[in-house]
Amino acid sequence: MKVGLIGLGVMGYRIGANLVKAGLLKVVYNRTKEKAEKFNREFNVPYVTTSQDVVKTSDVIITMLSDDSAVTSTILSILNEVKGKIIIDMSTISPTTSIEMSNKVKENGGVMFDAPVIGTSVLLEKRKAVILVGGPEDKFSEIRSILDAISENVVYIGENGMGLYAKLVNNLLLGVYVSALGEAYNFGIRAGLKKEQVAKVLIELSSARSPTSELKVPKMMNEDYTTQFATKHMRKDLEIIEREAQKLKVITPLTVHALQYYKMAEALGFSELDFSSVVEIFKKFSPS
Ligand SMILES: NC(=O)c1ccc[n+]([C@@H]2O[C@H](COP(=O)([O-])OP(=O)(O)OC[C@H]3O[C@@H](n4cnc5c(N)ncnc54)[C@H](OP(=O)(O)O)[C@@H]3O)[C@@H](O)[C@H]2O)c1
């Protein structure tokens with residue numbers, strides 16, 4: 001199977017690298033050409049200048065894009081080419097949008113899966129991220145080996161949209177949890193504890209410690225907000241959860257609060273930086 005990749009951002013670039021290692025990737029496209037040129041220099045995989053050209057030369061097309069609007073515009077632009085092709089969208093977008101797009105792909109003779117990822121680019125590099133798959137179960141075996149090349153943790157969840165709902169369950173918890181880590185960190189510092197002591201509690205001693213506290217508390221401590229997962233993406237995911245929650249008629253009071261914190265972090269200039277920067281709002285808005 002010839003695999004093509006659309007989107008060479010933080011995550012797409014690593015997905016591409018894993019596919020190259022497995023000898024599967026035949027062509028790439030990225031809106032900003034420089035990233036495709038860089039990928040070509042590093043891995044010697046040809047790049048094309050339109051999404052349509054990726055689809056024409058591939059059997060399976062992976063998309064890893066920012067948000068609903070990027071995925072929608074890309075899928076709509078390739079509909080004439082999707083007959084007999086399989087699209088795997090790994091972006092985190094609204095399940096509702098994804099289901100709409102998969103129906104359009106189906107009407108045009110193709111198949112689409114949602115396959116969002118739990119885990120940062122660091123985990124993806126080690127093939128340790130989790131891929132949650134939604135789409136037709138009878139076609140899953142055709143893409144299994146491709147997803148296995150990207151990560152060793154591939155889980156089939158259910159029909160279209162279900163991979164994304166599972167991913168949103170994770171990001172609801174993650175968004176609330178990291179904002180709580182920021183609040184707890186700032187509370188400890190203002191009480192007079194040393195940075196190292198607060199970090200030790202959150203990373204080693206706390207009954208609520210986790211892989212996420214291990215990853216994010218050092219960033220808070222060192223004010224190192226180099227991007228693993230951008231604040232704007234966490235804000236986007238919590239907004240998706242809010243829209244879905246309204247449709248499902250479930251209450252999500254913690255998500256509502258966390259969403260405001262990430263918006264505040266964006267207003268402070270941390271939109272493109274790591275979402276652990278949310279700790280800065282607790283520092284900034286606590287009166288001295
Ligand atoms: N980073 C993480 O740790 C992580 C973890 C799990 C899931 N995710 C999810 O994975 C997705 C990608 O994340 P990322 O961190 O890789 O984001 P990113 O670095 O911002 O990359 C976004 C990609 O989307 C492309 N793009 C954006 N708008 C577009 C449009 N209108 N048309 C065509 N291409 C467009 C960008 O192209 P340009 O290069 O031209 O801007 C780039 O290739 C997001 O949905 C995110 O929520 C990320």
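Model, not experiment: these values are computed from the prediction.

What counts as what
- Residues numbered from 1 in each chain as written.
- Predicted model: local features only at pLDDT ≥ 70, side-chain atom pairs only at ≥ 80, totals over all residues.
- Heavy atoms only, no water.
- Helix = DSSP H or I, 4+ residues; strand = E, 2+ residues; numbered from the N terminus.
- Rg over C-alpha atoms; globule rule 2.2 N^0.38 Å.
- Buried < 20%, exposed > 50% of the residue type's maximum accessible area, 1.4 Å probe, protein only.
- Contact = heavy atoms within 4.5 Å.
- Areas by Shrake-Rupley, 256 points an atom, 1.4 Å probe, with all protein chains shown as cover.
- Lys, Arg positive; Asp, Glu negative; His and termini not counted.
- Charge placed at Lys NZ, Arg CZ, Asp CG, Glu CD.
- Salt bridge = Lys/Arg side-chain N within 4 Å of Asp/Glu carboxyl O.
- Near = heavy atom within 4 Å.
- Polar contact = N/O pair within 3.5 Å; in protein donor to acceptor, adjacent residues only side chain to side chain.
- Nonpolar A, V, L, I, M, F, W, Y, C, P; charged D, E, K, R; others polar.
- Expected span 1.5 Å × (residues − 1).
- Bend = angle between axes of the 7 residues up to and from the residue.
- Pairing = 2+ DSSP bridges.
- Right-handed = clockwise from strand over helix to strand, strands pointing away.
- Patch = residues over 30% accessible without salt bridge, like charges linked within 9 Å, V, L, I, M, F, W, Y side chains within 5 Å.
- Core = buried A, V, L, I, M, F, W, Y, C linked by side-chain atoms within 4.5 Å.
- Axes fitted to C-alpha atoms, helices over the stretch in contact; angles between N-to-C directions.
- Parallel < 35°, antiparallel > 145°, perpendicular 65-115°, else oblique.
- Left-handed = near helix turned anticlockwise from the far one by under 90°.

Trainee: What exactly am I supposed to notice about the overall build of the protein here?
Mentor: In terms of helices and strands, the protein carries 13 helices and eight strands. Taking 2.2 N^0.38 as the reference for a compact globule, 288 residues should give roughly 19 Å; the C-alpha atoms of the protein span a radius of gyration of 20 Å, in line with that estimate. With respect to the three principal axes, the spread of C-alpha positions in the protein is 60 × 45 × 30 Å. Residues classed as buried in the protein amount to 50% of the 288 residues present. Of all intrachain contacts in the protein linking residues separated by at least 6 positions in sequence, the fraction that spans at least 24 positions is 66%. Within the structure as shown, the protein displays about 13600 Å² of accessible surface, and the carbon and sulfur contribution to it stands at 54%. Of the charged side chains in the protein, 36 are positive and 33 negative; the average position of the first set lies 3 Å away from that of the second.

Trainee: When you look at the pattern of salt bridges in this model, what are you seeing that I'm missing?
Mentor: Close approach of charged atoms allows side chains with opposite charge to pair. Considering all chains together, one arrives at 15 salt bridges under this definition. Residue glutamate 223 is joined to lysine 283 by a salt bridge in which the shortest nitrogen-to-oxygen separation is 2.9 Å. On the criterion of sequence distance, the pair formed by glutamate 223 in the loop between helix H10 (211–222) and helix H11 (231–248) and lysine 283 in helix H13 (residues 279–284) is long-range, its members being 60 residues apart. Its salt-bridge partner being lysine 283, residue glutamate 280 comes within 2.8 Å of it at the nearest N-O pair.

Trainee: It is not clear to me how the site of the ligand should be interpreted in this structure. Could you clarify?
Mentor: Around the ligand, the surrounding shell holds 24 residues, and the nearest of these are Asn30, Thr32, Lys35, Ser66 and Lys236. Contact between the ligand and arginine 31: an oxygen atom at 3.0 Å from a side-chain N or O atom of the residue. If the ligand stood free it would expose 910 Å²; the protein chains cover 88% of that surface. Breaking the shell around the ligand down by element, the ones donating at least two residues are helix H1 (10–21) and H11. Across the shell around the ligand, the residue classes tally to eight nonpolar, twelve polar and four charged.

Trainee: Is there a simple way to think about helix H7 (residues 137–150) in this case?
Mentor: Because an α-helix packs 3.6 residues into every turn, residues spaced three or four apart end up facing the same way. Taking 1.5 Å as the rise per residue, H7 with 14 residues should run 20 Å; its terminal C-alpha atoms sit 19 Å apart, in good agreement. Taken as a whole, H7 carries its principal kink of about 50° at isoleucine 143.

Trainee: Which parts of the structure should I look at to understand the pairing of strand E1 (residues 3–6)?
Mentor: Both faces of E1 are covered, namely the face carrying Val3 and Leu5 and the face carrying Gly4 and Ile6. In the sheet, E1 pairs with strand E2 (residues 25–29) via four bridges, with the strands oriented parallel. Bridging from a neighbouring strand, valine 3 pairs with leucine 25 of E2. With H1 bridging E1 and the parallel E2, this β-α-β connection has right-handed handedness. As defined by bridge partners, E1 adjoins strand E3 (residues 60–63) across four bridges and the pair is classed as parallel. Note that in E3 the partner of valine 3 across the bridge is valine 60.

Trainee: Could you clarify how one ought to interpret a nonpolar patch on the surface in this entry?
Mentor: On the surface, Val155, Ile157 and Met162 cluster together into a nonpolar patch covering about 210 Å² of accessible area. Relative to the elements of secondary structure, methionine 162 occurs in helix H8 (residues 162–190). According to the relative accessible area criterion, methionine 162 is partly exposed, its value standing at 33%.

Trainee: Is there a simple way to think about the nonpolar core in this case?
Mentor: Side chains of a nonpolar character, in soluble globular proteins, are inclined to be buried together. Ranked by internal contacts, the top residues of the largest apolar core, which has 34 residues, are Leu19, Ile62, Ile88, Met90 and Leu147. If one sorts the elements of this core by residue count, H7 sits on top with six residues. Excluding residues that lie within four positions of it along the chain, isoleucine 88 makes contacts with Val60, Ile61, Ile62, Thr63, Phe113, Ala115, Ile143 and Leu147. Judged by nonpolar contacts, the second largest core, of 30 residues, contains Val176, Val198, Ala199 and Leu259.

Trainee: Please explain the packing of helix H9 (residues 195–205) against H10 as it appears in this structure.
Mentor: Packed helices, taken two at a time, are described by their axes: the angle between them and the distance between them. Look at H9 against H10: their axes get within 9 Å of each other, and the N-to-C directions meet at 165°. If you check the angle between H9 and H10, you find them roughly antiparallel. When the axes of H9 and H10 are compared, the crossing they make is right-handed. On the side of H9, the interface is formed by Lys195, Glu196, Ala199, Leu202 and Ile203, while H10 contributes Ser213, Glu214, Val217, Pro218 and Met221. Among the residues making up the contact of H9 with H10, the classes are represented as six nonpolar, one polar and three charged.

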